[in-house]
Amino acid sequence: MSILRIKEICKSFKSLQVINRVSLEVEAGERHVIIGPNGAGKTTLFNCITGFLPIDEGAVYLEDKEISRMPSHKLIHLGLARTFQKNNLFGGLTVEQNIRLALTSRKKFRYQLFRPMSGYADLKEETEALLDQWGYAERRSVKVENLSYGEQRMLEVILAMALNPKVLLLDEPTSGMSVVETAQITEMIKRLPRTVSLLVIEHDMDVVFSIADRITVIHHGEVILSGSPEQVRNDEQVRKIYFGGGARAHA
Amino acid sequence: MSSFFFLLLTGLAYGMVYFMIAAGLTIILGVMNVFNLAHGSFYIIAAYLAFTLVSNEVNFWLALVVAVLCTAALGILMEKFLIKRFYGKTLEQVLLTFGLIYIVSDTAKLIWGPTLKNLAVPAVLNFSIPLGNIAFPAYRLFIVLVGCAIAVLLWYFETRTRAGAIIRAGVDDREMVSALGINVGRVFTYVFAFGAGLAAASGVLGAPLTGIYTGLDTEVLVTSLIVLVIGGLGSWKGSLISALIVGVIQTVGSAWFPSVSMLIIFALMMLILIIRPHGLFGREVL
Amino acid sequence: MKRSALWMCLMLIVVIVLPYTLSDFGVYLAAEIYIMAIFAMSLGFIMGYAGMVSLGHAAFFGLGAYTVAILGTYVTNMYVLILAAVVLSGLVAMLTGAVFIRTSHFYFLMITFAFGQLLYVTAWQLKRLTGGADGKSVPVEMDFGFGPITSPLAIYYVMAASFVLVLLVVRLIVNSPAGNIMRGIMENESRINFLGYNVRTYKILAYTIAGALGGFAGALYAYYNAYVSPELTHWMNSGIAMLMVIIGGVGTLIGPFIGAVVFILLKNYISTITSSWHLIMGLILVTLVLVGRGGIVHWYAYLSRKLSGLSARWRASGKHDSAEGMKSVEHTEN
């Protein structure tokens, strides 16, 4: 049973068709990676799925419930979360405050005006737990804008995980990272529990093949191929796209 | 009916004055994304300058030219040393120009005093034209014509000249335009000066209609903003249409429904902001 | 935590003792400062903590003031009148906020400006109700139920107490979960959206609170001044409130109060020397903007950081291992 189903989505900007009848499915617990040259429409696809952009045609189903036209903030409560290609954190706030904000969104007291936030013990515990789990305990009082780029990227993932999602959309998690940082975040992704299904956009082929259960290739807003890593690795069309486009491909 | 015509024509005259002020503000806004609260100050600076010149036996038309040039020069200085530093910083712009309003307003009061000053209609236009059975002041007709001329000028500049195309391109993509080797900063300075000059022209030309007094600068500002909002930020065409609408409603209204004419205008402004926030002709996003 | 409690105590002491060191006029002026401080705080709340810059906040001040002035002819109970002022302002804020908040920052500035002017013109034109340009005298006096409050000292304490109350309430709200989320919205609105929060609800909430507090200030002013006029809602008054917030420091709790103190004292002082206080104010404002670095509270924080950095360096220069000393300097500089 697929947990996230994207059915024949179309999206165009004025006269430019950016996404053309894209369909894909993410199985429960799966690590599904989307690859494709730049400008293929992958981030736009994410924006459509998460309600940031309206879909022209098609539908999106989360656990068989249609979410195609729902506002973004409601999707979080249904179990969908995402990270961004460009760091989208609360730069002026500390790591701890960032995580707290993420955790509070599903709490009943999020409209509370007259009690201090520090007074909620369970919130404090959960924040501590997350900080410890991902090794940020010592960095908790650092302003996010002062973190290294890699640390910020990983915090993106932590924030999304704090929402306790069923499906997590990762938009180019390793973008702009050094070799060391890439290895770190790949480890982190591998450590994510199978209770969370992943849909990942990635360019770094090493990373792709080390985490993917299934791969979908998108080019010019269309699905070229969707299958196992082996199938994708050996496919003629995919090779043509990548060798022609100049991106790194696995021989 | 003839009195309606009289009021209508007068309203159009006032409308044209509003158009000239608002056009300057909206062009600066549309091209540079700068919100100059002190725009009304340009109006009164020019008006007071012209008043002093005319009081000293200077020809009205010469005074007009001098006042416009001086105000435009002031605009250049203001843009270069004050505005340029705060592109994109709305709050700072609001505060800065707010402070400038205070400075100019008080300085004007110090120099010219708080009492009403009258700028006489230039002698050559000081007569009435009989239209039907009413005598319509030629000066007001003249203003309407000037307004039309300016509208034509703006249209021509925008659509037919290279400079106009550059400015339009600069609005859409600053980086691209500067990559083409065009000094965007200097373009902006000129645009600002042009807006100031336009406000100055409307100040001198409008002074015989409105008189010059303390508080005129903020009144002019409020009117310009109403015109802007209804017509659409960044669109001088919109300013033209809405300025005329506002001018007519105001003039006809204050004769026929004096107690609610201003209310109507503000209600219209609110309505537009609710239903069509970018105004009649404005761009979708700002 | 301890330090803010200390400041609080210090402030309370000053507030209580102050009137005994001032002339009657000084006491009266101080009361006005408290009222304007509340007004400035209400604007400072949405500007500094929810990221909404409004140029029409004086609309709520005027609404509150006129509510007391107009209803005061029919009802004399102070609690009822103030409650009515607060509720009406809050309601209007909620309804207009629901519409205005859909707009971008820029349009928001203009539409709030327009609304303020709309109220100004309305107050001007509805002569029978509001007295028009002549304004309206307030037919009631402050009365908690123990008799009318008329002495400058008593009025001072009422306004001072109101100010302290509002300060505490705003502080509570800012530190609450909802307040934290509002700050998050100001910091990164799209992220808050993608964390699952309904941004619109929070913005309307913030605006409603600000409107209600602004109305409260206006109501107090009606009692204080015994006279209301359309000028109260004029956009330039909104501008002055904004000025106070900026002078004191955006994004701080006590900033608006400091800004109110500075502005009103300056205005009074300068007016005794020259009638061109606008000019001086304008120059100060322009200078402030050009110099930058936030308001007085930020200056204070900046200076104290610099001072502690200096003293750390001074201490470190005596140490053997200067590297360790430099490390401690780096820490405080952050």
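Computed from a predicted structure; not experimentally measured. (Residues numbered from 1 in each chain as written. Chains lettered and ligands numbered in written order. Predicted model: local features only at pLDDT ≥ 70, side-chain atom pairs only at ≥ 80, totals over all residues.)

J.: What am I meant to see in the overall build of chain B here?
T.: Per the secondary structure count, chain B includes eleven helices and two strands. Put simply, chain B runs from its N terminus to its C terminus through helices and strands in the order α-α-α-α-β-β-α-α-α-α-α-α-α. Taken over C-alpha atoms, the radius of gyration comes to 19 Å for chain B, in line with the 19 Å a tight globule of 286 residues would show. Each of the three principal axes of chain B carries a C-alpha extent, and together these read 60 × 45 × 35 Å. (Helix = DSSP H or I, 4+ residues; strand = E, 2+ residues; numbered from the N terminus. Rg over C-alpha atoms; globule rule 2.2 N^0.38 Å.)

J.: Please clarify how the overall build of chain C should be interpreted in this entry.
T.: Counting secondary structure elements, chain C contains 15 helices and two strands. Oriented by its inertia axes, the alpha-carbon framework of chain C measures out at about 80 × 55 × 40 Å. Here the contacts in chain C between residues at least 6 apart in sequence split such that 76% fall between residues at least 24 apart. (Contact = placed C-beta atoms within 7 Å.)

J.: Would you explain the packing of helix α3 (residues 58-71) of chain C against helix α5 (residues 105-125) of chain C in this entry?
T.: For any two helices packed against each other, one specifies the crossing angle of their axes together with the interaxial distance. Residue and element names in this part refer to chain C. Between α3 and α5, whose axes approach to 8 Å, the crossing angle comes to 30 degrees. One way to sum up the angle between α3 and α5 is to call them roughly parallel. Facing α3, whose interface residues are Ala-58, Ala-59, Gly-62 and Tyr-66, α5 presents Phe-115, Gly-116, Leu-119 and Ala-123. Classifying every residue of the contact of α3 with α5 by side-chain character gives six nonpolar, two polar and no charged. (Axes fitted to C-alpha atoms, helices over the stretch in contact; angles between N-to-C directions. Parallel < 35°, antiparallel > 145°, perpendicular 65-115°, else oblique. Nonpolar A, V, L, I, M, F, W, Y, C, P; charged D, E, K, R; others polar.)

J.: Looking at this structure, I do not really get the domain arrangement of chain C. What am I missing?
T.: Many analyses report the size of an interface as the accessible area lost when the parts associate. Residue and element names in this part refer to chain C. Taken domain by domain, chain C comprises domain 1 (14-277) and domain 2 (295-334). The centre of domain 1, based on its C-alpha atoms, is set 39 Å off from the matching centre of domain 2. Residue-level contacts link ten residues of domain 1 with four residues of domain 2. Residue assignment for the side of domain 1 that touches domain 2 shows that the elements contributing at least two residues are α11 (235-248) and α12 (255-273). Of the residues contributing to the side of domain 1 that touches domain 2, the split by class is five nonpolar, five polar and no charged. (Domains from an automatic or database assignment.)

J.: Just checking my understanding: could you explain the sheet that holds strand β9 (residues 214-219) of chain A for this structure?
T.: Strands pair in a sheet through their backbones, by hydrogen bonds, and they do so in one of two ways: parallel or antiparallel. Residue and element names in this part refer to chain A. Taking strand neighbours across the sheet as the criterion, the six strands line up as β6-β7-β8-β3-β9-β10 in an open arrangement whose pairing is mixed. Here the strands that pair on one side only, and so sit at the sheet edges, are β6 (80-82) and β10 (222-227). On average, each strand axis in the sheet is tilted by 15 degrees relative to the strand beside it, whichever way the strands run. Sheet topology places strand β3 (residues 31-35) next to strand β8 (residues 197-201); four bridges connect them, and they run parallel. Bridge pairing in β8 places Arg-31 opposite Leu-198. In this fold helix α1 (residues 42-49) packs onto β3, β6, β7 (167-171), β8 and β9, with an angle of close to 150 degrees to the strand it touches most, β7. (Pairing = 2+ DSSP bridges.)

J.: Looking at this structure, how should I read the sheet that holds strand β5 (residues 65-66) of chain A?
T.: All names here are of chain A. Taken in spatial order, the four strands make up an open sheet running β2-β1-β4-β5, and their pairing is antiparallel. Each edge of the open sheet carries a strand with a single partner, namely β2 (16-27) and β5. For strand β4 (residues 57-62) and β5, the ladder comprises two bridges, and the chain directions are antiparallel. Opposite Leu-62, over in β5, you have Lys-65 as the bridge partner. On top of the sheet, α1 reaches β1 (2-13), β2 and β4; it is set at about 70 degrees to β2, its chief contact.

J.: Just checking my understanding: could you explain the interface of chain B and chain C for this structure?
T.: The interface is formed by 29 residues belonging to chain B together with 30 residues belonging to chain C. Of all the elements in the fold, those that place two or more residues in the side of chain B that touches chain C are α4 (90-112), α9 (216-231) and α11 (261-275) of chain B. The dominant element in the side of chain B that touches chain C, judged by the number of residues it contributes, is α4(B), at 14 residues. A per-class count over the side of chain B that touches chain C returns 21 nonpolar, six polar and two charged.

J.: How should the interface of chain A and chain C be read in this particular structure?
T.: Each partner contributes residues to the interface: chain A has 25 residues there, and chain C has 20 residues. For the side of chain A that touches chain C, the elements supplying multiple residues, two or more each, are α2 (72-78) and α3 (95-104) of chain A. Ranked by residues supplied to the side of chain A that touches chain C, first place goes to α2(A) with four residues. Residue composition of the side of chain A that touches chain C, by class: 13 nonpolar, eight polar and four charged.

J.: Would you take a moment to explain the environment of B:Ser261 for this structure?
T.: Residues and elements named next belong to chain B. Position of Ser-261 among the secondary structure elements: in helix α11. Classification of Ser-261 by C-beta neighbours within 10 Å gives partly exposed; the count is 18. A sequence separation of 75 residues divides Ser-261 from Arg-186, and the C-alpha atoms of the two residues are 42 Å apart. Sequence-distant contacts of Ser-261, that is, excluding residues within four places in its chain, are made with Ile-249, Gln-250, Gly-253 and Ser-254. (Buried ≥ 20, exposed ≤ 12 C-beta atoms within 10 Å, placed from the backbone.)

J.: Explanation requested: the environment of C:Thr96 in the structure shown.
T.: Tracing the backbone shows C:Thr96 in helix α4 (residues 78-100). Considered as a pair, C:Thr96 and C:Leu253 are 157 residues apart in the sequence and their alpha carbons are 25 Å apart.

J.: Could you clarify how one ought to interpret the packing of helix α3 (residues 60-81) of chain B against helix α8 (residues 184-210) of chain B in this entry?
T.: Residue and element names in this part refer to chain B. Running from N to C, α3 and α8 cross one another at 145 degrees; their axes reach a closest spacing of 7 Å. Every pair of crossing elements has a handedness; the one defined by α3 and α8 is right-handed. Of the residues in α8, those touching α3 at Ala-63, Leu-64, Ala-67, Val-68, Thr-71, Ala-72, Leu-74, Gly-75, Ile-76, Glu-79 and Lys-80 are Phe-188, Thr-189, Phe-192, Ala-193, Ala-196, Gly-197, Ala-200, Ala-201 and Val-204. The residue inventory of the contact of α3 with α8, partitioned by class, reads 14 nonpolar, four polar and two charged. (Left-handed = near helix turned anticlockwise from the far one by under 90°.)

J.: So what exactly am I meant to see when it comes to helix α2 (residues 39-55) of chain B here?
T.: An α-helical segment advances 3.6 residues per turn. Residues three or four places apart therefore align on the same side. Between its first and last C-alpha, α2(B) extends 25 Å over 17 residues, near the 24 Å set by a 1.5 Å rise per residue. The buried fraction of α2(B) amounts to 14 of the 17 residues, a majority that puts the element mostly inside the structure. (Expected span 1.5 Å × (residues − 1).)

J.: Even after reading the chapter, I still don't get α12(C), so can you show me in this structure?
T.: Spanning 19 residues, α12(C) covers 27 Å between terminal C-alpha atoms, matching the ideal 27 Å at 1.5 Å per step. Buried residues of α12(C): C:Gly255, C:Pro256, C:Phe257, C:Ile258, C:Gly259, C:Ala260, C:Val261 and C:Phe263, and no others.

J.: How should unusual backbone geometry be read in this particular structure?
T.: Negative phi is the rule for most residues except glycine; trans is the rule for most peptide bonds. All names here are of chain A. Phi at Glu-8 is positive, roughly 50 degrees, even though this residue is not glycine. Along the chain, Glu-8 turns up in strand β1. Of note in the backbone geometry, Glu-63 takes a positive phi value of approximately 50 degrees without being a glycine. Within the element layout of this structure, Glu-63 appears in the loop between β4 and β5. The exposure class of Glu-63 is partly exposed, given the 16 C-beta atoms found within 10 Å.

J.: I would appreciate a short explanation of the pairing of β1(A) in the present structure.
T.: For a regular strand, side-chain orientation follows a simple rule: the groups alternate between the two sheet faces. Residue and element names in this part refer to chain A. Of the strand pairs in this sheet, β1 and β2 are connected by eight bridges, and their pairing is antiparallel. Along β2, the bridge assignment pairs Phe-13 with Leu-16. Connecting β1 to the next strand, β2, in antiparallel fashion are two residues, including Lys-14 with a positive phi near 55 degrees. When β1 meets β4, the two strands line up antiparallel, connected through five bridges. Looking at the pairing, Cys-10 lines up with Glu-57 of β4.

J.: Any chance you could explain the pairing of β3(A) here in plain terms?
T.: Among the five residues of β3(A), five are classified as buried, and the element is accordingly described as predominantly covered. Both faces of β3(A) are covered, namely the face carrying A:Arg31, A:Val33 and A:Ile35 and the face carrying A:His32 and A:Ile34.

J.: What exactly am I supposed to notice about the confidence of the model for chain C here?
T.: A low pLDDT means the predicted coordinates there should not be read in detail. Residue and element names in this part refer to chain C. For chain C, the average pLDDT comes to 85, and 92% of its residues sit at 70 or higher. Confidence, read as mean pLDDT per element, is least for helix α15 (residues 322-333) in chain C (40) and greatest for helix α10 (residues 199-225) (95). Below pLDDT 50 for its whole length, residues 319-334 participates in 16 contacts with residues either more than four positions away or in separate chains. (pLDDT = per-residue confidence, 0-100.)

J.: Would you explain the environment of B:Arg85 in this entry?
T.: Residue and element names in this part refer to chain B. Assignment of secondary structure puts Arg-85 in the loop between α3 and α4. C-beta crowding within 10 Å serves as the criterion here: with 14 such atoms nearby, Arg-85 is assigned to the partly exposed category. Expressed as a C-alpha distance, the spacing of Arg-85 and Ile-241, which sit 156 residues apart in the sequence, is 33 Å.

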